[in-house]
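So you can see what is in the structure, the chains are spelled out below.
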Amino acid sequence: MDVVFVLESDRNILTMKSRRRETKLLGQICAGFLAIFLSFTVVSANPVVYSEEVEESAPVGSVVLQFGRECSSVGLRGTLLGEHASDFSLIHSAERGFLLKTAKSLDRELMSRYEVIALLPGCALNPVAINIEVLDQNDNPPQFITTTERIEIDELTAVGSELLRLSAQDKDAGRNGAITFFTSPNPNIHVVPKTGQVVLVRSVRAPSNLTVPVYARDNGDAALHSEPLQLHIAVTSARLTAKERTGRRRRTRAVSEELSYTVALSEYAVAGDVIFTVPDQKFEEKRFELLSPEAGSPVRVVRETGRVYLMHQLTSSVQVVVKILNVRGDEWYLCRLSVTLPGMSDMQWTMFPEPYLATVEPGAAPGSVVYKLVVRQRDGSLEVAQFFLVDGGEDCFEVDRSLGEVRTTGRPLSPGKEYTLTVQAVDAQGRKGPHTSVAILVGLRPPQFSNTSYTMYIPESTGVGHAVAVVQAVSFQRKTLSYMLLVNSGNLFSINQESGALSLTHTVDYESGPHLHHLQVRASEADTGLSN
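Residues numbered from 1 in each chain as written. Predicted model: local features only at pLDDT ≥ 70, side-chain atom pairs only at ≥ 80, totals over all residues. Heavy atoms only, no water.

**Q** What should I look at first to understand the overall build of the chain in this one?
**A** Scanning the chain from N- to C-terminus turns up one helix and 43 strands. Long-range contacts, defined here as pairs at least 24 residues apart, represent 70% of the contacts in the chain between residues at least 6 apart. Total accessible area on the chain is roughly 28600 Å²; 49% of this is exposed by carbon and sulfur atoms. (Helix = DSSP H or I, 4+ residues; strand = E, 2+ residues; numbered from the N terminus. Contact = heavy atoms within 4.5 Å. Areas by Shrake-Rupley, 256 points an atom, 1.4 Å probe, with all protein chains shown as cover.)

**Q** How should the sheet that holds strand β24 (residues 307-310) be read in this particular structure?
**A** Note on sheets: strands pair through backbone hydrogen bonds, and any given pair is parallel or antiparallel. Pairing within the open sheet is antiparallel, and its three strands lie in the order β21-β24-β23. The two strands at the open ends of the sheet, each matched to only one other strand, are β21 (274-277) and β23 (299-301). The average angle at which neighbouring strand axes cross in this sheet is 25 degrees, direction not considered. As defined by bridge partners, β23 adjoins β24 across three bridges and the pair is classed as antiparallel. Paired with Val299 across the strands is Leu310, a residue of β24. (Pairing = 2+ DSSP bridges. Axes fitted to C-alpha atoms, helices over the stretch in contact; angles between N-to-C directions.)

**Q** Help me out: how do you make sense of the sheet that holds strand β41 (residues 493-495) in this one?
**A** Spatially, three strands are ordered β38-β42-β41 in an open sheet, and the strand pairing comes out antiparallel. Bordering the open sheet on either side are β38 (467-470) and β41, each of which pairs with just one other strand. Taking the axes of each pair of neighbouring strands and ignoring which way they run, one obtains an average angle of 25 degrees across the sheet. For β41 and strand β42 (residues 501-504), the ladder comprises three bridges, and the chain directions are antiparallel. Residue pairing in the sheet places Phe493 in a bridge with Leu504 of β42.

**Q** Sorry, what's going on with the side chain of Thr157 here?
**A** Mapped onto the fold, Thr157 is located in the loop between β12 (148-154) and β13 (162-165). Given a relative accessible area of 18%, Thr157 falls into the buried group. Here Asp154 takes part through its backbone oxygen, which lies 2.8 Å from a polar atom of the side chain of Thr157. (Buried < 20%, exposed > 50% of the residue type's maximum accessible area, 1.4 Å probe, protein only. Polar contact = N/O pair within 3.5 Å; in protein donor to acceptor, adjacent residues only side chain to side chain.)

**Q** I keep staring at the packing of aromatic side chains and nothing clicks. Help me out?
**A** Aromatic ring pairs: the centre-centre distance and the angle between the two ring planes describe each pair. Under the definition given, this model contains nine aromatic pairs. Three or more aromatic residues joined by ring pairs make a cluster, and in this case those are Tyr50, Phe67 and Phe98. The ring of Trp332 is capped by Lys323, whose NZ or CZ atom sits 4.5 Å from the centre of that ring. (Phe/Tyr/Trp six-rings, centres within 6.5 Å; stacked < 30°, edge-to-face > 60°. Lys NZ or Arg CZ within 6 Å of the ring centre and 35° of its normal.)

**Q** It is not clear to me how the pattern of salt bridges should be interpreted in this structure. Could you clarify?
**A** Two side chains bearing opposite charge may form a pair once their charged atoms approach each other closely. Evaluation of the coordinates by the stated rule reveals 16 salt bridges. For Glu133, the salt bridge identified is with Arg113, shortest N-O distance 3.0 Å. Of the two residues, Glu133 sits in strand β10 (residues 128-135) while Arg113 sits in strand β9 (residues 113-119), which places them 20 residues apart along the sequence. Residue Glu133 is classed as partly exposed on the basis of its relative accessible area, which comes to 30%. With relative accessibility at 38%, the residue Arg113 sits in the partly exposed group. (Salt bridge = Lys/Arg side-chain N within 4 Å of Asp/Glu carboxyl O.)

**Q** For this particular structure, what's the right way to read the pairing of β10?
**A** Residues in a regular strand point their side chains to alternate faces of the sheet. Burial analysis of β10 places six of its eight residues in the buried class, the great majority of the element. Pairing geometry for strand β4 (residues 48-55) and β10, over eight bridges, is parallel. Along β10, the bridge assignment pairs Glu52 with Ile132. Bridging between β9 and β10 involves six bridges; their strand directions are antiparallel. Residue Val116 lies in a different strand from β10, and its bridge partner there is Ile130.

**Q** Explain the confidence of the model for the chain to me, please; I cannot follow it from the model alone.
**A** Atomic detail in the predicted coordinates should be set aside for any region of low pLDDT. When pLDDT is averaged along the chain, the result is 80, and 84% of the positions lie at 70 or above. The low-confidence segment residues 6-46 (pLDDT under 50) makes 128 contacts with residues lying over four places distant or belonging to another chain. Note that residues 240-251 has pLDDT below 50 and, in this model, 10 contacts with residues that lie over four places away or in other chains. (pLDDT = per-residue confidence, 0-100.)

**Q** Sorry if this is basic, but what is going on with the environment of His435 here?
**A** By the secondary structure assignment, His435 is in the loop between β34 (418-427) and β35 (436-442). Of note is the side chain of His435, whose polar atom sits 3.3 Å from the side chain of Gln424.

**Q** Would you take a moment to explain the nonpolar core for this structure?
**A** Among the nonpolar cores identified, the biggest contains 27 residues, and Phe67, Leu100, Leu120, Val128, Ile130 and Ile132 are the most heavily contacted of them. Elements supplying a minimum of two residues to this core: β4, β5 (63-67), β7 (88-93), β8 (97-102), β9 and β10. Here this core gets four residues from one element, more than from any other, and that element is β10. Membership of the second largest hydrophobic core comes to 24 residues, among which are Trp349, Val360, Ala385 and Leu413. (Core = buried A, V, L, I, M, F, W, Y, C linked by side-chain atoms within 4.5 Å.)

**Q** It is not clear to me how a nonpolar patch on the surface should be interpreted in this structure. Could you clarify?
**A** On the surface, Leu81, Ile117 and Leu119 cluster together into a nonpolar patch covering about 210 Å² of accessible area. Assignment of secondary structure puts Leu81 in strand β6 (residues 79-81). By relative accessible area, Leu81 is classed as partly exposed at 41%. (Patch = residues over 30% accessible without salt bridge, like charges linked within 9 Å, V, L, I, M, F, W, Y side chains within 5 Å.)

**Q** Explanation requested: the environment of Met111 in the structure shown.
**A** As for its placement among the helices and strands, Met111 is situated in the loop between β8 and β9. Residue classification places Met111 among the buried positions, given a relative accessible area of 18%. The spacing of Met111 and Glu56 is 55 residues in sequence and 9.8 Å in space, taken between C-alpha atoms. Apart from residues no more than four positions distant in its own chain, Met111 is found in contact with Glu83, His84 and Val134.

**Q** Honestly, unusual backbone geometry in this entry has me stumped. Any pointers?
**A** Excluding glycine, residues mostly carry a negative phi; peptide bonds, for their part, are mostly trans. The omega torsion of the bond from Ala206 to Pro207 falls at -10 degrees, within 30 degrees of zero and hence cis. Tracing the backbone through its elements, the reader meets Pro207 in the loop between β17 (197-200) and β18 (208-218). At the junction of Ser292 and Pro293, the peptide bond is cis and its omega measures out at -5 degrees in the coordinates. Even without glycine at this site, His84 takes up a positive phi of about 60 degrees. Among the secondary structure elements, His84 is positioned in the loop between β6 and β7.

Rendered as structure tokens:
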């Protein structure tokens with residue numbers, strides 16, 4: 001475990017950054033130990049580098065950075081260098097040090113990042129490099145490339161046909177620049193929000209002219225809308241052939257055949273994707289019609305090809321009925337589709353710590369519980385799920401589907417061997433969660449630290465005896481653990497043997513070194529002699 005402590009002058013906020021690294025068991029450790037490395041750093045570099053952020057359009061005079069309070073001499077003046085450094089000002093006071101302020105209202109669309117150098121004659125910090133990121137504000141509405149679009153269709157244009165694909169642009173970044181399209185409720189036209197496809201959803205008669213206002217909006221917290229694009233659609237007549245006129249007079253009749261399919265949407269399916277093609281080998285020439293659902297259908301069917309397009313994201317499964325007609329005769333039959341939600345669930349594994357390790361005695365009785373699987377939704381709520389053993393375990397282990405308990409089956413276990421099980425959870429809707437692995441060692445396993453590394457920053461004003469970090473481990477044998485510092489340069493730190501709390505033994509000073517401190521911590525079980 002690596003732990004880095006950084007001491008920053010005159011800062012009283014202790015922050016902890018913890019990063020985990022996957023560890024691999026190198027064998028059963030019965031004597032020796034695997035050390036945890038802790039590093040404590042007192043930062044003092046030349047030049048000093050700061051990375052700061054400022055809101056776009058922040059008021060003139062907004063403070064971006066305060067630094068250099070140790071530079072308390074009266075009359076100090078700083079100089080800013082760099083491209084567009086004049087967009088900022090640098091002032092000094094004996095009480096507050098240097099203040100970097102905005103000298104104008106900043107526009108991210110013109111300048112999104114600044115790199116300036118502050119020269120501070122008479123100050124030990126000289127020079128100081130400052131990187132400033134301008135954060136985007138949602139201050140630009142989407143814009144269509146043109147304000148008017150004119151298209152012409154004939155009255156026989158198939159329902160579900162794409163008439164036009166809209167395009168707009170937004171100068172903002174991230175979600176503030178993400179565009180969706182919409183229009184007022186219209187019985188003839190549907191606009192696919194994500195793709196901008198304009199789709200005919202109802203037959204129209206000629207001659208007629210349709211005018212549809214279409215809008216674009218961004219995805220900011222306070223969404224901005226574009227000016228309307230006026231879409232003018234001219235509907236012209238089409239002369240029917242004799243065959244088509246005859247076909248219209250004929251009364252169609254149903255045939256006995258009926259098709260039925262289940263369409264499982266991919267988790268990556270988006271509006272505008274083809275999700276199915278209705279098959280037919282009965283008629284030489286055919287036409288496809290969507291019978292249900294009618295209003296607000298999440299799918300559309302192309303009349304000539306039978307392709308089924310997704311119109312918008314589903315919130316639940318839907319039943320679709322498509323009519324297949326014989327163009328050369330009077331027969332027809334139905335195709336029923338059951339469109340289901342994506343197959344992946346939003347569940348997360350919540351066992352602790354990670355990686356997921358367990359132990360079992362060589363002579364464990366059949367049905368002994370070795371590990372407990374738990375999943376939650378991303379919002380933190382517990383999920384009612386079923387659990388499955390996907391692979392591994394060599395038939396020595398099983399998973400209780402309802403309880404998530406990993407149990408022994410009664411088959412002989414090889415002492416010292418580690419079994420790796422791949423498991424998966426399925427939610428109440430039948431959607432699968434991600435795979436994960438549980439490693440089970442037959443025999444005694446050394447303690448496992450909750451975190452494999454720590455990096456910490458401490459202010460120079462931290463008092464002696466004040467806890468600056470707590471390192472903890474898990475005993476697989478459920479024994480009492482004790483903690484010991486193995487490497488402790490200068491005896492600067494002490495550790496509570498029972499709780500694992502680290503504290504200072506004497507004060508530290510920012511202006512004097514050393515600045516980096518590496519520690520080793522060992523967790524041990526008194527009864528077994530195992531340590532990690």
